[in-house]
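In case you want the letters, here they are:
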Amino acid sequence: MADRTTTIPVIIDCDTGVDDALALLFAVRHPALDLRAVTCVAGNTDVDGVVRNTLKVLERAGAPEIPVARGAERPLIEPARSARHVHGRDGMGDIGLPAPTRSPVDVDAVTLLRREILASPRPVTLIPTAPLTNIALLLRTHPEVTRNIERIVFMGGAVATGNATPVAEFNVWHDPEAAAILLTAGVPITMYGLDVFTRVLVPGAEVRRLRASVEPGARLAGELLAHRPSAPDSDGDDPAGGLGDAGAVCAVADPAGITTRPLPVEVSLAPGPTRGQTVVDRRPRPGESEIHHGVREQALVDVALDVDVERYVKLYLETVAPERPGAE
Ligand code: BDR
Ligand code: CA
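Residues numbered from 1 in each chain as written. Chains lettered and ligands numbered in written order. Predicted model: local features only at pLDDT ≥ 70, side-chain atom pairs only at ≥ 80, totals over all residues. Heavy atoms only, no water.

A description of the side chain of asparagine 53 should follow, citing residues and the corresponding values.
One can find asparagine 53 in helix 2 (residues 47–60). With a relative accessible area of 1%, asparagine 53 lands in the buried category. Here aspartate 90 takes part through its backbone oxygen, which lies 2.8 Å from a polar atom of the side chain of asparagine 53. The contact partners of asparagine 53, leaving out residues within four places of it in the chain, are Thr16, Gly17, Thr45, Asp90, Gly91 and Met92. (Helix = DSSP H or I, 4+ residues; strand = E, 2+ residues; numbered from the N terminus. Buried < 20%, exposed > 50% of the residue type's maximum accessible area, 1.4 Å probe, protein only. Polar contact = N/O pair within 3.5 Å; in protein donor to acceptor, adjacent residues only side chain to side chain. Contact = heavy atoms within 4.5 Å.)

Take a look at the structure:
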């Protein structure tokens, strides 16, 4: 049981999701994190699938009874558009975990978020690893929650290249209006975007070791990582596996592993090819637009521009699958 006087209270809002599952495993097992609730939103798969996947992962990880709530079944404006081609038919790699015996709580995600945030003795760090629909609904329905939010570290957006479109990252693209609401929440925000997200890869040999583990949570991590292959590894045939969303949780447990800069970030809401793009202003000085039209007030976001890959891979492995004598 986490010591609630020294740990960081966190809530994960997710669309589990292969890499959301990796994130949950890490959060449950890191001694400095106190995972107080998990809320689910449509994204990688439909929201009921997300709830099921989340419960399965918590069960397999041997987590204590953490409340899990069902949230929005579609974005604020657009229809839901899953990423099953990446995450499998069940949204979590089709790795065949048994149906969960746990159930979600009987309140919706926004209600659970409000309750847990306001009840926390210390300000909560929110970690959205999914489209931001639940978070936007929370901020609009219960704005008072910001008084007990330490910061929001979200996986989403990109300074450079997108994935859902050439310029837009999936979580922001899925619900751009919700992302725009998040960015103006009035609390410190860290953007763990694709620029760092795609770089944190667990070497193939480690994926192999995890898959062979007799410890159920470590084995699950191996199976999930094997579903997230990157280019073949230099040490053999096994491809490395991306930590994805789990990197954002590493950034909460170990903020020194990323390099951030406070920068203005705006979400493109216009229809067309830029919709869902996070426009990050890295210019050293104002341009003609500001000179002619004046500077617009914009909140700054701590944007992750670099990540210490080895440090986060080590942190993840030591947390989720510490070497135990006779564990393989
Ligand atoms: C994000 O989209 C989802 O497919 C992943 O779970 C991650 O949160 C990456 O763009
Ligand atoms: Ca996700």
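Next comes the rest of the account.
Break down the coordination of the calcium ion (ligand 2) for me, citing the residues and quoting the values.
Note on the calcium ion (ligand 2): its protein donors are Asp15 (OD), Asp20 (OD), Asp20 (OD), Thr129 (O) and Asp245 (OD). The metal-donor distances range over 2.3 to 2.6 Å. Sequence positions of the donors to the calcium ion (ligand 2) reduce to the motif D-x4-D-x108-T-x115-D. Of this pair, aspartate 20 sits in helix 1 (residues 18–29) while threonine 129 sits in the loop between strand 4 (124–128) and helix 5 (133–141); the two residues are 109 residues apart in sequence, bridging distant segments of the chain. Here aspartate 20 matches threonine 129 in class, with each residue buried. (Donors = N, O, S within 2.8 Å, 3.2 Å for Na, K, Ca; no water.)

Kindly report on the nonpolar core, identifying the contributing residues and their values.
Leu25, Tyr192 and Tyr316 are the most contacted members of the largest nonpolar core, which totals 62 residues. Ranked by residue count, the leading element in this core is helix 1, at 8 residues. In this structure, tyrosine 192 is in contact with Phe154, Met155, Gly156, Phe197, Val200, Gly244, Gly247, Ala248, Ala251, Ile258 and Ala304, ignoring residues within four places of it in sequence. Within the second largest apolar cluster, 35 residues are counted, among which are Val110, Val124, Leu138 and Leu182. (Core = buried A, V, L, I, M, F, W, Y, C linked by side-chain atoms within 4.5 Å.)

Can you tell me about helix 9 (residues 204–211), naming the residues and giving the values?
Here helix 9 has its buried residues at Gly204, Val207, Arg209 and Leu210. Turning to helix 9, the residues buried within the fold contact strand 7 (201–202), helix 10 (216–226), strand 9 (239–242) and helix 13 (309–320).

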